Amino acid sequence: MGQDKYQIMGDGIYAQVGGPQNVAKLIHCMTRVRMTIKDNAKVNVAGLKKVPGVLGVVEEETLQVIVGPGTVNKVAQAMVNKVGVGLGDPFPDSTATGNAHLDNKSAVEAKAAEVHAAHKASLKQTWWRTALKHISAIFIPLIPAFVGAGLISGIAGILANMLAAGQLPKDWTQFITVLKVINGGLFTFLNIYVGINAATEFRATPGLGGIIGGLIYLPGVVAPVTITNIFTHQPLLAGQGGIIGVIFAVWLLALVENQLHRVIPDSIDIIFTPMLSLLSIGVLTIFFIMPLAGWVSNSLVGSINWILQVGGAFSGFVLGLAFLPMVMLGLHQILTPIHLEMIKNTGFTALLPILAMAGGGQVGAALALWIKCRKNKQLTRLIKGALPVGILGVGEPLIYGVSLPLGRPFITACIGGGIGGAVVGAFGHVGAITIGPSGAALIPLIANHQWMAYVFGLLASYAGGFVATYFFGVPKSAMVATAADGTVIDEAAPQEEAPSPEQPTTDPKAETATVQTGAINFVAPATGQLKDLSEVADDVFSQKMVGDGFAVEPTSGTIVAPVDGTIVSVMPTKHAWTMTTATGLEILVHMGLDTVELNGAPFSIEVNDQDTVKAGQPIATMDLAAVKAAGKGTTVMTIITNMDHVASLTAFTDQDVAAGDEVFTVTSK
């Protein structure tokens, strides 16, 4: 029955990504099913987020569907089983399997997704994004091994301490040794596993990558025989260079092997290509890469330990504060080999417990939002779903579903992470014996009985994120009362009550006395080409689902008020605002198409909620070049959202307009 549940979830994911035939490859990490998509236009991200069990969606080089730890491996396995391939194996090109109805999505959605995908493809060309993607792909398949072996090591450590204290009989010695052997099966030969994965990622022969990884151990070099380090003239040490050296050496191996495949005749390729590849890269690895990578590795680990030792609380604060922005930029992936080098050299990574505080800041921020925004039922529903996994160290649902879309809570959550990092840094020598888990799930993996210091740091990050968010990080827009489906509830509207015998019924004329009727002139909010809403490349606007109005294709980034009125609310992402007029019209001004995804970067707003403005008054600026570079449309829409209050509006024609030119007149009922 359990497998049915995961298969149903997998089928739901397939249904929203264009079916198995639209997936090129599928792998998973600790929390996410990661799919390489063939045609991004066929992906229905909104539908994907509604699949039961899906906690969030991240669109990067791969489409990442967050389903949480423990579930992800079962869902991913069910999905590849359905297709008949293994995790990470290429999917068949057959288009025989279903969900063809997704191909009938509107052309405008397909075009928007196409442009979005093209923009992301351009980002892949930067060398650092490519390097980070490779590092991530090398270590993601090993994360379950790190977690499993790390927990076994933790259990072995606890039992060994109990044995030393006389709390266990000596008969346990062999069992403890077995646990250490199992843990050693990963960490003793980690360079070989990394070499195999690196070769797979760089498109070299996996076996050759494993051999290059194994060279780091200097097999066959037994005292008194040594190999001289050509830089220091001292004996070369087994393991020198470690994981950093393996990754670089295997990258070179892939270059050499692929080049040899092109120049060596097919008849002798199988003989000479592997031999020449191993010989050339093996010699280079032993004499150059191992010494140099060893120096780099020791310098990195030594520098980080020195920073933590000398900087203490301050270093912890900076690292805890900066980790979430690093995650947003994808820079956190470079830390994986550093963590592993620290574990190899010192037995634990002192970085991970500090960086894990960033997730604690998210939890604290979410709790503050829950309390202050309790009338916002849609937001509190999201928080309730994301908090449990957030406490366990799965931060993506809180980041992408709660704090980041609201803006300020993301910053105050980072402050909470910094406070927790400062506490852990002040204690010092708080390390984790493996990588992978975070949050409360990391407690059993803290080295040297320092778990209480980690717990204090975690609680401090919760408290820091809570206080910073409660007092400084809650946007007004988040406190607006909404129903669970996101519908805004107008609390200012008078509530209808049955008249009491002592209280006469209110005069209907008195109820509407504050709403004026009459005509009001609308002006163009921007300089550019005026056009009807039906011409806008977005179904929601062109089909007038929100209301009627007009659009301008701007040639200038200055945006003005389209009408006299009062600002009701400015979106946190600055791409839209709402306002009302004295005649009771409710207006939405929306800058660009799909620009909510830009998180406010190309926009600035010069007004606040409840400000009174005049038609033609400058309200905002929009960086047209930046919006276009992001693959988004720049159209500015002015929409009357309460059309039931409109008696008539005058016609207009497509034409060039300047900001402030009159467009049409609307008469209210």
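Just so we're clear, the structure is a prediction, and the values are computed from it rather than from any experiment. (Residues numbered from 1 in each chain as written. Predicted model: local features only at pLDDT ≥ 70, side-chain atom pairs only at ≥ 80, totals over all residues. Heavy atoms only, no water.)

Asks: Lay out the overall build of the protein with the relevant residues and their values.
Replies: Within the protein, the secondary structure is distributed over 22 helices and 18 strands. Within the span of the protein, comprising 669 residues, buried residues form 46% of the whole. Of the contacts made within the protein by residues no fewer than 6 positions apart, 71% connect residues no fewer than 24 positions apart. Carbon and sulfur atoms provide 62% of the accessible area of the protein, an area that totals close to 31600 Å². (Helix = DSSP H or I, 4+ residues; strand = E, 2+ residues; numbered from the N terminus. Buried < 20%, exposed > 50% of the residue type's maximum accessible area, 1.4 Å probe, protein only. Contact = heavy atoms within 4.5 Å. Areas by Shrake-Rupley, 256 points an atom, 1.4 Å probe, with all protein chains shown as cover.)

Asks: With reference to specific residues and values, describe helix α11 (residues 266-311).
Replies: With 46 residues, α11 extends just 59 Å between its outermost C-alpha atoms, more than 12% less than the 68 Å of an ideal straight helix rising 1.5 Å per residue. Of all the bends in α11, the largest measures some 50° and sits at T285. After α11 finishes, the residue G312 shows a positive phi value of roughly 55°. (Expected span 1.5 Å × (residues − 1). Bend = angle between axes of the 7 residues up to and from the residue.)

Asks: Describe the packing of aromatic side chains, with residues and values.
Replies: Applying the stated criterion across every chain, the model contains twelve aromatic pairs. On the numbers, 5.4 Å between centres and 75° between planes, the contact of F522 with F664 is edge-to-face. Of this pair, F522 sits in strand β5 (residues 518-523) while F664 sits in strand β18 (residues 662-668), placing them 142 residues apart in sequence. By relative accessible area, F522 is classed as buried at 0%. Residue classification places F664 among the buried residues on the basis of a relative accessible area of 2%. Between the aromatic rings of F652 and F664, the centroid separation amounts to 5.8 Å while the plane-to-plane angle is 65°, which identifies the pairing as edge-to-face. Of this pair, F652 sits in the loop between β16 (646-649) and β17 (655-657) while F664 is found in strand β18, placing the two residues twelve residues apart along the sequence. (Phe/Tyr/Trp six-rings, centres within 6.5 Å; stacked < 30°, edge-to-face > 60°.)

Asks: Go over the sheet that holds strand β13 (residues 612-613), please, and point to the residues and values.
Replies: Spatially, the eight strands line up as an open sheet ordered β13-β9-β10-β11-β15-β7-β6-β17, and their pairing is antiparallel. Bordering the open sheet on either side are β13 and β17, each of which pairs with just one other strand. As defined by bridge partners, strand β9 (residues 565-570) adjoins β13 across two bridges and the pair is classed as antiparallel. By the bridge assignment, T566 is partnered in β13 with T612. (Pairing = 2+ DSSP bridges.)

Asks: Tell me what's going on with the sheet that holds strand β14 (residues 618-622), and back it up with residues and numbers.
Replies: The strand order across the open sheet formed by three strands is β8-β14-β12, and the pairing between neighbours is antiparallel. If you trace the sheet from one side to the other, it starts and ends with β8 (558-560) and β12 (603-605), each paired once. Pairs of neighbouring strands in the sheet enclose a mean axial angle of 25°, with direction left out of account. Judged from the three bridges that link them, β8 and β14 form a sheet pairing that is antiparallel. What sits directly across from V560, in β14, is P618. (Axes fitted to C-alpha atoms, helices over the stretch in contact; angles between N-to-C directions.)

Asks: I'd love a proper account of a nonpolar patch on the surface, names of residues and values included.
Replies: A grouping of I230, F231, L279, V283, L284, F287, F288 and L292 is seen on the molecular surface, where their side chains present a nonpolar patch of about 680 Å² in accessible area. Tracing the sequence through the fold places V283 in helix α11. (Patch = residues over 30% accessible without salt bridge, like charges linked within 9 Å, V, L, I, M, F, W, Y side chains within 5 Å. Salt bridge = Lys/Arg side-chain N within 4 Å of Asp/Glu carboxyl O.)

Asks: Explain the pattern of salt bridges to me, and be specific about the residues and the numbers.
Replies: Counted by the stated rule, this structure contains three salt bridges. Measuring nitrogen to oxygen at the nearest pair gives 3.5 Å for the salt bridge that ties K82 to D11. Residue K82 is found in helix α3 (residues 72-83), and its partner D11 is found in helix α1 (residues 2-16); the two are separated by 71 residues along the sequence. Two residues, K531 and E553, come together in a salt bridge whose shortest N-O distance is 3.0 Å. Placement of K531 in strand β6 (residues 528-532) and of E553 in strand β7 (residues 548-554) is noted, with a sequence separation of 22 residues between them. Taking the relative accessible area as the measure of exposure, K531 reaches 14% and is therefore buried. Judged by relative accessible area, which is 26%, E553 ranks as partly exposed.

Asks: Hey, could you go over the packing of helix α8 (residues 190-202) against helix α10 (residues 242-263) for me, with residue numbers and the actual values?
Replies: In contact at an axis separation of 9 Å, α8 and α10 are set at 35° when each is read in the N-to-C sense. When you trace α8 past α10, the crossing you get is right-handed. Residues L190, N191, V194, G195, A198, A199 and F202 of α8 form the contact with α10, whose own contacting residues are G242, I243, V246, I247, V250, W251, A254 and N258. A breakdown of the residues in the contact of α8 with α10 according to their chemical character gives eleven nonpolar, four polar and no charged. (Left-handed = near helix turned anticlockwise from the far one by under 90°. Nonpolar A, V, L, I, M, F, W, Y, C, P; charged D, E, K, R; others polar.)

Asks: Describe the nonpolar core, naming the residues involved and giving the relevant values.
Replies: Ranked by internal contacts, the top residues of the largest apolar core, which has 82 residues, are F139, F146, L190, V194, L340, L442 and Y454. When residues no more than four places from it in sequence are discounted, the contact partners of F146 are F139, L186, F187, L190, L340, T434 and I435. (Core = buried A, V, L, I, M, F, W, Y, C linked by side-chain atoms within 4.5 Å.)

Asks: Help me get a handle on the packing of α11 against helix α13 (residues 335-346), residues and values and all.
Replies: Axis angle and axis distance: for two packed helices, these are the angle between their axes and the distance between the axes, and together they describe the pair. Two numbers describe how α11 lies on α13: the axes approach to 10 Å, and their chain directions differ by 85°. Overall, the two elements α11 and α13 adopt an arrangement that is roughly perpendicular. For the pair α11 and α13, contact is made by S297, N298, L300, V301, I304 and N305 and by I338, E341, M342, N345 and T346, respectively. Grouping the constituent residues of the contact of α11 with α13 by class yields five nonpolar, five polar and one charged. (Parallel < 35°, antiparallel > 145°, perpendicular 65-115°, else oblique.)

Asks: So what's going on with unusual backbone geometry? Which residues, and what values?
Replies: Residues A223 and P224 are joined by a peptide bond in cis, for which omega reads 15°. Assignment of secondary structure puts P224 in the loop between α9 (206-215) and α10. Even without being glycine, H449 reaches a positive phi, approximately 60°. The backbone of Q610 sits at a positive phi, close to 75°, despite the residue not being glycine.

Asks: Got a sec to walk through the environment of L406? Specific residues and values, please.
Replies: Here L406 is to be found in helix α17 (residues 396-406). Sequence-wise, L406 and N599 are 193 residues apart; in three dimensions their C-alpha atoms are separated by 9.0 Å. Once you skip the residues sitting within four places of it in the chain, L406 turns out to touch L369, L379, P475, A478 and P572.

Asks: Kindly report on the confidence of the model for the protein, identifying the contributing residues and their values.
Replies: Taken over all residues, the pLDDT of the protein has a mean of 83, while the share at 70 or more is 86%. Ignoring residues within four places in sequence, the model shows residues 94-124, a span with pLDDT below 50, making 38 contacts including any to other chains. Under a pLDDT of 50 for its full length, residues 492-515 has, in the predicted model, six contacts with residues more than four places off or in other chains. (pLDDT = per-residue confidence, 0-100.)

Asks: Residue-level account of the environment of S556, with values.
Replies: Checked against the element boundaries, S556 lands in the loop between β7 and β8. A C-alpha to C-alpha distance of 7.2 Å links S556 and G528, two positions 28 residues apart in sequence. What S556 contacts, discounting residues up to four positions off in sequence, is T527 and L624.

Asks: Tell me about the pairing of strand β11 (residues 586-593), and name the residues and values.
Replies: In terms of burial, β11 is largely enclosed, as seven of its eight residues are buried. Relative to β11, strand β10 (residues 576-580) runs antiparallel, the two sharing five bridges. Each bridged residue has a counterpart across the sheet, and for T580 the counterpart in β11 is E586. The antiparallel hairpin formed by β10 and β11 contains five residues in its connecting segment, where G584 sits at a positive phi of about 90°. In the sheet, β11 pairs with strand β15 (residues 633-640) via six bridges, with the strands oriented antiparallel. The partner of V589 across the bridge, within β15, is T638.

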